[in-house]
Amino acid sequence: MLSRTADHLFWMSRYTERAENTARMLDVNYQTSLLPQSDAVALAGWQGLLSISELAPSYKALHGDVKARHVMDFMVKDESNPSSIVSCLGAARENARAVRGTLTTEVWETQNTTWLEVKRMISCGEFERDPGQFFEWVKFRSHLSRGVTVGTMLMDEALHFMRLGTFLERADNTARLVDVKFHAVKRDFFGAASEKDQEYDFYHWSAILRSVSGFEIYRKVYRDVIKPERVAELLILRPDMPRSLHASMNEVVNNLGLVTNDLSGETHRRAGKLCAELKFGRIDEILATGLHAYLTQFLDRVNDLGVHISRDFLIPTAA
């Protein structure tokens, strides 16, 4: 496959997944902002969202002080922000258009319709009227895109590069989501001192689980009250949790193996090593050494993996 074609397929999937994950992060912040909390705690949540998405400097240049409505607008519909939902869906559509002949009609029409519909929804003010419903729509369109891709594309290199982009992006975004929500809890998260804290804990952690479609999965796996260390274990180490770091890296390694070439041995080794560490990792060891430090290192390694994949298969200047 031509590297340019592989590049467009890879980034089409990454941008679609990034739009979904941005919607998930915004949704959990929006839902938790509705809980009883001080203005300082609410503000910290929005600041954390910007910092973990590496958007704080560009936001500050445009809007100055952090305000919930401005953050939402900046991360949803600001086309000057390349990581906004509208920008990501537009970039996914443009990458799809560039390789229209490689895609099935169903895949192209799904990408194109999503772009046209999101523009209509933004212009009609549907996002402002009900942000939660808008975020659900973005997630649904991403689900539809993946389903149509797997259900209609030939199982060849084109599909493997699309899957590679999807799961590399998912690993990155799940790590960011876990980091920002755990880092936002100032006190020790292994137990609440009061009944009020325990009530807040339940809604805080359940909102995080719901943001990754993991609430029912948590109940099925642990059959117990929601505990932060178990939330971390579910989203980092469980290979059967679809959005976990472990499950995402399993898919990255598998799809790398299916497109391997003479140059990609080192890339495959790095991905396999990271996957093995997740496979044999223990949540108590991760927490003992520091969750924030662990996730920061994981994000660095995922970013490095993306650079190596671009070097081995794609156009090195992809962004």
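For the structure, check the block above.
Everything numeric in this text was worked out from a predicted model, so none of it was measured.

Q: Now, about the overall build of the protein: what can you tell me, with residues and values included?
A: Counting its regular elements, the protein contains 16 helices and zero strands. The C-alpha extent of the protein, read off along each of the three principal axes, is 60 × 50 × 35 Å. In the protein, which comprises 319 residues, the proportion classed as buried is 53%. Long-range contacts, defined as pairs at least 24 residues apart, comprise 68% of the intrachain contacts of the protein with a sequence gap of at least 6.

Q: Just give me the short version of the pattern of salt bridges, but keep the residues and values in it.
A: Tallied over the full model, the rule gives 28 salt bridges. For Asp224, the salt bridge goes to Arg230, with nearest N and O atoms at 3.0 Å. Exposure remark for Asp224: the relative accessible area of 28% places this residue in the partly exposed category. In the salt-bridge network here, residues are joined through shared partners; they are Glu17, Glu20, Arg24, Arg146, Arg170 and Arg243.

Q: Can you break down the side chain of Thr22 residue by residue, with the values?
A: Its location among the elements puts Thr22 in helix α1 (residues 3-33). Once you skip the residues sitting within four places of it in the chain, Thr22 turns out to touch Met75, Ser83 and Ile85.

Q: Account for the environment of Leu314, naming residues and giving values.
A: Tracing the chain through its elements places Leu314 in the segment after α16 (291-313). Taking the C-alpha atoms as reference points, Leu314 and Phe161, separated by 153 residues in sequence, lie 9.8 Å from one another. Setting aside residues no more than four positions away along its own chain, Leu314 makes contact with Ser3, Ala6, Asp7, Phe10, Trp11, Phe161 and Ile309.

Q: If you had to explain the packing of helix α5 (residues 85-98) against helix α6 (residues 105-123) to someone new, which residues and values would you point to?
A: The relative placement of two packed helices comes down to the angle between their axes together with the axis-to-axis distance. Between α5 and α6, the shortest axis-to-axis distance is 9 Å and the interhelical angle comes to 150°. In terms of orientation, α5 lies roughly antiparallel with respect to α6. For the pair α5 and α6, the sense of crossing is left-handed. Here α5 contributes Val86, Leu89, Gly90, Ala92, Arg93, Ala96 and Arg97 to the contact with α6, which in turn contributes Trp108, Gln111, Asn112, Thr114, Trp115, Val118 and Ile122. Looking at the contact of α5 with α6, its residues break down into eight nonpolar, four polar and two charged.

Q: An account of the packing of aromatic side chains is needed here, citing residue identities and associated values.
A: The full count for this structure, using the stated rule, is nine aromatic pairs. Above the face of the Phe215 ring, Arg210 is positioned so that its terminal group lies 3.9 Å from the ring centre.

About the criteria used
Residues numbered from 1 in each chain as written. Predicted model: local features only at pLDDT ≥ 70, side-chain atom pairs only at ≥ 80, totals over all residues. Heavy atoms only, no water. Helix = DSSP H or I, 4+ residues; strand = E, 2+ residues; numbered from the N terminus. Buried < 20%, exposed > 50% of the residue type's maximum accessible area, 1.4 Å probe, protein only. Contact = heavy atoms within 4.5 Å. Salt bridge = Lys/Arg side-chain N within 4 Å of Asp/Glu carboxyl O. Axes fitted to C-alpha atoms, helices over the stretch in contact; angles between N-to-C directions. Parallel < 35°, antiparallel > 145°, perpendicular 65-115°, else oblique. Left-handed = near helix turned anticlockwise from the far one by under 90°. Nonpolar A, V, L, I, M, F, W, Y, C, P; charged D, E, K, R; others polar. Phe/Tyr/Trp six-rings, centres within 6.5 Å; stacked < 30°, edge-to-face > 60°. Lys NZ or Arg CZ within 6 Å of the ring centre and 35° of its normal.

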